[in-house]
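# Survey of secondary and tertiary structure
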Amino acid sequence: MEDDPGRLYRLDGVAHIAEVINDEFCLRFSRRFNLAVSVTDFACGTDEPLVSAFVERWRPETHTFHMPFGEYTITLQDVAYQLGLPVDGRYVNGCLTDFQIYIEGGRPAWVWFQELLGVIPPPSQVQKFVVNCTWFHESFGECPAGADEETVRRFARAYIMILLARLEEMGTYSWGSAALAWLYRCMCRVANRHVVKLAGPLQLLQSWIFWRFPRFRPAGYDTYSWLLASRWSGYNPSDGEKGPRVQNWRLRIDMLQARDFIWMPYNSPKVLQVVHPEVLEPRHTAMWRSVTSLIYFAVIEWHQIDRVLPQFGGVQPRPQRALNIDFLMSKDGRGSDRWFPSALQFWHLHWESRADHVLWFDVVADPGPSHEFLEW
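Predicted, not measured: the structure shown is a model, and the values here were computed from it.

### What about the overall build of the chain?
Within the chain one finds 14 helices and 11 strands. Here the chain holds 376 residues, and the buried ones make up 49% of them.

### Side note on the side chain of D260
Looking at where D260 falls in the secondary structure, it is placed in the loop between α9 (242–254) and α10 (269–274). A distance of 2.8 Å separates the side chain of D260 from the backbone nitrogen of Q257, its partner in a polar contact. Setting aside chain neighbours within four positions, we find D260 in contact with R212, F213, P214, R215 and M255.

### Comments concerning the pattern of salt bridges
For the structure shown, the criterion picks out 13 salt bridges. Put simply, R154 and E150 hold a salt bridge, and the shortest N to O gap is 3.4 Å. Highlighted residues: R154 and E150, both in helix α6 (residues 149–159), separated by four residues, approximately one helical turn. When its relative accessible area of 31% is taken as the criterion, E150 is described as partly exposed.

### Considering empty space enclosed by the protein
In total, this model carries five cavities of 30 Å³ or more according to the counting rule given. As a volume, the largest cavity reaches approximately 60 Å³. It is strand β4 (residues 70–72) that contributes the most residues to the lining of the largest cavity, three residues altogether. Classifying every residue of the lining of the largest cavity by side-chain character gives seven nonpolar, two polar and two charged.

### Structural notes on the packing of aromatic side chains
Going through the model one piece at a time under the given rule, you end up with 29 aromatic pairs. For the ring pair F54 and F213, a centre distance of 5.3 Å and an interplane angle of 65 degrees mean the geometry is edge-to-face. Taken as a pair, F54 in helix α2 (residues 48–55) and F213 in the loop between α8 (202–212) and α9 lie far apart in primary sequence, 159 residues in all. Residue F213 is classed as buried on the basis of its relative accessible area, which comes to 0%. On the basis of an interplanar angle of 35 degrees and a centroid distance of 5.0 Å, the ring pair of Y72 and W263 is categorised as tilted. Taken as a pair, Y72 in strand β4 and W263 in the loop between α9 and α10 lie far apart in primary sequence, 191 residues in all. Judged on exposure class, the residue Y72 and its partner W263 are both buried. Grouping aromatic residues by their ring pairs yields a cluster made of F54, W58, F65, F69, Y72, Y184, W208, F213, F216, W249, F261 and W263. The positively charged end of R231 is found above the aromatic ring belonging to Y224, 4.7 Å away from the centroid.

### Concerning the pairing of strand β9 (residues 299–302)
Here β9 shows no split at all, with V299 and E301 on one side and I300 and W302 on the other all buried. As paired elements, strand β8 (residues 293–296) and β9 share four bridges and run antiparallel to each other. Each residue of the ladder has a partner; that of S293, found in β9, is W302. Where β8 folds back onto β9 in an antiparallel hairpin, the turn is made up of two residues, including F297, whose phi is positive at roughly 55 degrees.

### A look at the side chain of T292
Along the chain, T292 turns up in the loop between α11 (282–285) and β8. Those residues in contact with T292 that sit more than four places away from it in its chain are E301, W302, H303, H350, W351 and R354.

### With respect to unusual backbone geometry
Here the bond from W226 into L227 is cis, since omega is 10 degrees, no more than 30 degrees from zero. For H63, which is not glycine, the phi dihedral falls at a positive 55 degrees. Relative to the assigned elements, H63 resides in the loop between β2 (58–59) and β3 (64–67). Even without glycine at this site, F297 takes up a positive phi of about 55 degrees. The class of F297 is buried, set by a relative accessible area of 16%.

### Here we look at the sheet that holds β3
Spatial strand order, β2-β3-β4: three strands in an open sheet with antiparallel pairing. Both outer strands of the open sheet, β2 and β4, are each paired with one neighbouring strand and no more. The pairing of β3 with β4 spans three bridges and is antiparallel. The residue of β4 that forms the bridge with M67 is G70.

Reading guide: rules and limits
Residues numbered from 1 in each chain as written. Predicted model: local features only at pLDDT ≥ 70, side-chain atom pairs only at ≥ 80, totals over all residues. Heavy atoms only, no water. Helix = DSSP H or I, 4+ residues; strand = E, 2+ residues; numbered from the N terminus. Buried < 20%, exposed > 50% of the residue type's maximum accessible area, 1.4 Å probe, protein only. Polar contact = N/O pair within 3.5 Å; in protein donor to acceptor, adjacent residues only side chain to side chain. Contact = heavy atoms within 4.5 Å. Salt bridge = Lys/Arg side-chain N within 4 Å of Asp/Glu carboxyl O. 1 Å grid on protein atoms, 1.4 Å probe; cavity = no way out; pocket = protein on both sides within 12 Å on 5 of 7 lines; lining within 4 Å. Points joined across faces, edges and corners; volume = space filled by probe spheres on them. Nonpolar A, V, L, I, M, F, W, Y, C, P; charged D, E, K, R; others polar. Phe/Tyr/Trp six-rings, centres within 6.5 Å; stacked < 30°, edge-to-face > 60°. Lys NZ or Arg CZ within 6 Å of the ring centre and 35° of its normal. Pairing = 2+ DSSP bridges.

Okay, structure coming up:
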């Protein structure tokens, strides 16, 4: 297959129940399950040529973007500020089969399903151990106006599609690391030149680009609000021919210099005025500097922040050799990988000891690469 100068990764859009859930539902859902922040609905278009050009700079072996002047990446800090998701907590994981044996009292799965959602899906909507997403969308697509508390609870439970057996514990999970793991995995997949479809939390990626690279920001979006990614609400990129646009973005990235990247955008007083205080709790902020595994069910990725210390105010020394986890790319929870809670136990234990892998370094007034790094 010959290289196409106008090559563009096709970005997958997935219909999501959150698109039709009203604000009252989101607020009540957040209070019910003790989430750190409320779910915020904001519409923002994705600039496919821009995102596509950046993904070409992604290196799976280091989990960083390789730019003309160094390495940069999306970290747990970015996820916390951009999406408001909790970082510290239990890893997001579970079993795909026989999960009823893990439920208190050993209740059969469908008894549990009936109790939580008030309805059982018809057999035609069940495939082995999976309920069709379309059935969830049709049955719980829009919470009725004036719904009572029990109905709101059922719609909230349907919203997360029974990912957890005990919904009251939702706030104890590290949803930030799960989101970052999935974004990393999606970008690593398209590093294969035969893969042309890019999925994942792409608004996180795009918002990270806008916050870190001022030259690429759309004009007129100067209002700071929480969540920080909502700053770009209403943004609609040009719908012009995408092939020439992706080539233009590649050229603009090639011309970037070190001064075009903001190492620490979240230190701005305007950001500190709007940030949710729970995001800045020490147990979360410490994890931003942890070199550890990122877990989202069968997806295992690596938080390689030792290669981007200036993003946390440090000086970047010559980096250590990157950890090779290529063999984990094939793990998807299917076939012999179905029992990944035991098969991937080593990485789970690494997350459990994440506090032991927090990096400590001096924060300087002028963060950046060291002479040793530049010579390397």
